[in-house]
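Chain by chain, the residues:
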Amino acid sequence: MAATQSPGAEARALTQSLFERLAGCATGTAEHARIRGALIEANLPLVRYVAVRFRGRNEPMEDIVQVGTIGLIHAIDRFDCERGVQFPTFAMPTIIGEIRRYFRDSVRSVHVPRRLHELWAQVRVAADELTVARGRRPTAGEIAERLRVPEEDVLASLDAGRAYRVASLEAASERDDGMPGLIDRLGYEDPELAGVEHRALVRHLLVQLPERERRILLMRYYRNLTQSQISAELGVSQMHISRLLTRSFTRLRSANPIDA
């Protein structure tokens, strides 16, 4: 009894057969177009397989599949079945390259307000100086104290500064530490994404608090100071710090549209 072929083996056999038939057809004929269309249809699962690796990008999966299909068509038109290479092996780099070009060409520059851009430059210098002086990376609070600016401004400038550190997708795969490059990790779900909206909401709510309460919250949860350390730094009782924190939480909850 003959062994049953796996779906993958059947697809490869069908693809090989179609390419052999395509080689005997003149370009531009109806038969050539029909077989070429059958090859595209038979290998769309390969495009979808590649597209899933890019699902972490902020683009509809249907658009990524369409772009990948263009790469598939290019691969079909260039493939020579007599070279002894399996078509999926030949087509994968072309499909991936087409999708990479799509993301590279569609990237828009991130606009950073001039005030934050200028502060970011000062923050970088202050951070380097404090690192040398203290032998460790400084906290946002220490940088804010050095520059005599609010700590939330330092945090905002650090967020804005990340817009300037763009990694090349093409260069990311050239690693020698055994870890996958950026382009190989785009298909994985980032566990930190769930907190992005929450951080943006917290930042929006913080600016609605009085300056002293906002400062205490930043000291407590960004600098990780204890209530006793905060009370010592501000010169007030720990009980008073506790009351201010409780009042701040009450105000934040009342202003939070999610809890409303």
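Each remark here, short or long, concerns the structure printed above.
Bear in mind the structure is a predicted one, so any value in this text is a computation, not a measurement. (Residues numbered from 1 in each chain as written. Predicted model: local features only at pLDDT ≥ 70, side-chain atom pairs only at ≥ 80, totals over all residues. Heavy atoms only, no water.)

Visitor: Before we go on, may I ask you to explain the overall build of the chain in this structure?
Guide: A tally of regular secondary structure across the chain gives 14 helices and 0 strands. Listing every helix and strand of the chain by position from the N terminus yields α-α-α-α-α-α-α-α-α-α-α-α-α-α. The burial tally for the chain puts 32% of its 260 residues in the buried class. For the chain, the exposed surface amounts to about 17100 Å²; the carbon and sulfur share of it is 53%. (Helix = DSSP H or I, 4+ residues; strand = E, 2+ residues; numbered from the N terminus. Buried < 20%, exposed > 50% of the residue type's maximum accessible area, 1.4 Å probe, protein only. Areas by Shrake-Rupley, 256 points an atom, 1.4 Å probe, with all protein chains shown as cover.)

Visitor: Can you help me understand the layout of surface pockets in this one?
Guide: Rolling a probe over the atoms, with the probe sized like a water molecule, indicates the empty space that remains. Computed from the structure, the second largest pocket encloses a volume of approximately 310 Å³. When contributions to the lining of the second largest pocket are tallied by element, the ones reaching two or more residues are helix H7 (140-147), helix H8 (151-161) and helix H12 (211-221). Among the residues forming the lining of the second largest pocket, the class breakdown is 5 nonpolar, 1 polar and 8 charged. Counting residues domain by domain, the lining of the second largest pocket receives three or more from each of domain 2 (109-164) and domain 3 (195-255). (1 Å grid on protein atoms, 1.4 Å probe; cavity = no way out; pocket = protein on both sides within 12 Å on 5 of 7 lines; lining within 4 Å. Points joined across faces, edges and corners; volume = space filled by probe spheres on them. Nonpolar A, V, L, I, M, F, W, Y, C, P; charged D, E, K, R; others polar. Domains from an automatic or database assignment.)

Visitor: What am I meant to see in the environment of Val149 here?
Guide: Within the secondary structure layout, Val149 lies in the loop between H7 and H8. By relative accessible area, which is 23% here, Val149 ends up partly exposed. Along the chain, Val149 and Leu119 lie 30 residues apart, while their C-alpha atoms are 9.5 Å from each other. Not counting residues up to four positions away in its chain, the partners in contact with Val149 are Leu119, Ala144 and Val154. (Contact = heavy atoms within 4.5 Å.)

Visitor: In this structure, what is going on with the pattern of salt bridges? I would like to understand it.
Guide: Close approach of charged atoms allows side chains of opposite charge to pair. In total, this model carries 10 salt bridges according to the counting rule given. Residue Glu31 is joined to Arg21 by a salt bridge in which the shortest nitrogen-to-oxygen separation is 3.8 Å. Taken as a pair, Glu31 in helix H2 (residues 30-42) and Arg21 in helix H1 (residues 7-23) lie far apart in primary sequence, 10 residues in all. Judged by relative accessible area, which is 35%, Glu31 ranks as partly exposed. Of the residues examined, Arg21 reaches a relative accessible area of 40% and is grouped as partly exposed. Note that Asp77 and Arg36 form a salt bridge whose closest N and O atoms lie 2.8 Å from each other. On the criterion of sequence distance, the pair formed by Asp77 in helix H4 (residues 61-78) and Arg36 in helix H2 is long-range, its members being 41 residues apart. (Salt bridge = Lys/Arg side-chain N within 4 Å of Asp/Glu carboxyl O.)

Visitor: When you look at the packing of aromatic side chains in this model, what are you seeing that I'm missing?
Guide: Aromatic ring pairs are reported here in terms of the distance separating the ring centres and the angle at which the planes meet. Tallied over the entire structure, the rule returns 4 aromatic pairs. Both rings, one in Phe19 and one in Phe79, keep their centres 4.6 Å apart while their planes meet at 55 degrees; by these two values the pair is tilted. With Phe19 in helix H1 and Phe79 in the loop between H4 and helix H5 (87-106), this pair connects stretches of sequence that are 60 residues apart. Each member of the pair, Phe19 as well as Phe79, carries the same accessibility label: buried. With 5.2 Å between their ring centres and 80 degrees between their planes, Phe79 and Phe87 make a pair best called edge-to-face. (Phe/Tyr/Trp six-rings, centres within 6.5 Å; stacked < 30°, edge-to-face > 60°.)

Visitor: Just to check I follow, could you spell out the nonpolar core for this structure?
Guide: If you look at soluble globular proteins, the nonpolar side chains tend to sit buried side by side. By size, the foremost hydrophobic cluster in this structure holds 27 residues, and its most contacted members are Phe19, Phe54, Leu72, Ile76, Phe87, Ile95 and Ile99. Looking at this core, the elements that each hand over two or more residues are H1, H2, helix H3 (44-52), H4 and H5. It is H5 that provides the largest number of residues to this core, a total of 7 residues. With sequence-adjacent residues up to four places away left out, Phe19 is seen in contact with Leu39, Ile76, Phe79, Cys81 and Phe87. Counting 22 residues, the second-largest nonpolar core is a separate cluster that includes Ala144, Val154, Ile230 and Leu245. (Core = buried A, V, L, I, M, F, W, Y, C linked by side-chain atoms within 4.5 Å.)

Visitor: Teacher, can you tell me more about the packing of H2 against H4 here?
Guide: A pair of packed helices is captured by two measures, namely the crossing angle of their axes and the spacing between those axes. With their axes 10 Å apart at the nearest point, H2 and H4 run at an angle of 130 degrees to one another. Taken together, the axes of H2 and H4 lie oblique to each other. You can see that H2 and H4 cross each other, and the crossing is right-handed. For the pair H2 and H4, contact is made by Arg36, Leu39 and Ile40 and by Thr69, Leu72, Ile73, Ile76 and Asp77, respectively. Here the contact of H2 with H4 is built from residues that sort into 5 nonpolar, 1 polar and 2 charged. (Axes fitted to C-alpha atoms, helices over the stretch in contact; angles between N-to-C directions. Parallel < 35°, antiparallel > 145°, perpendicular 65-115°, else oblique. Left-handed = near helix turned anticlockwise from the far one by under 90°.)

Visitor: Can you help me understand the environment of Arg12 in this one?
Guide: Tracing the chain through its elements places Arg12 in helix H1. Overall, the relative accessible area of 41% leaves Arg12 in the partly exposed class. Spatially, the C-alpha atoms of Arg12 and Asn43 are 9.0 Å apart, while their sequence positions differ by 31 residues.

Visitor: I tried to follow the side chain of His32 on my own but got confused; where do I start?
Guide: Position of His32 relative to the elements: it lies in helix H2. Sequence-distant contacts of His32, that is, excluding residues within four places in its chain, are made with Leu22, Cys25, Ala26 and Thr27.

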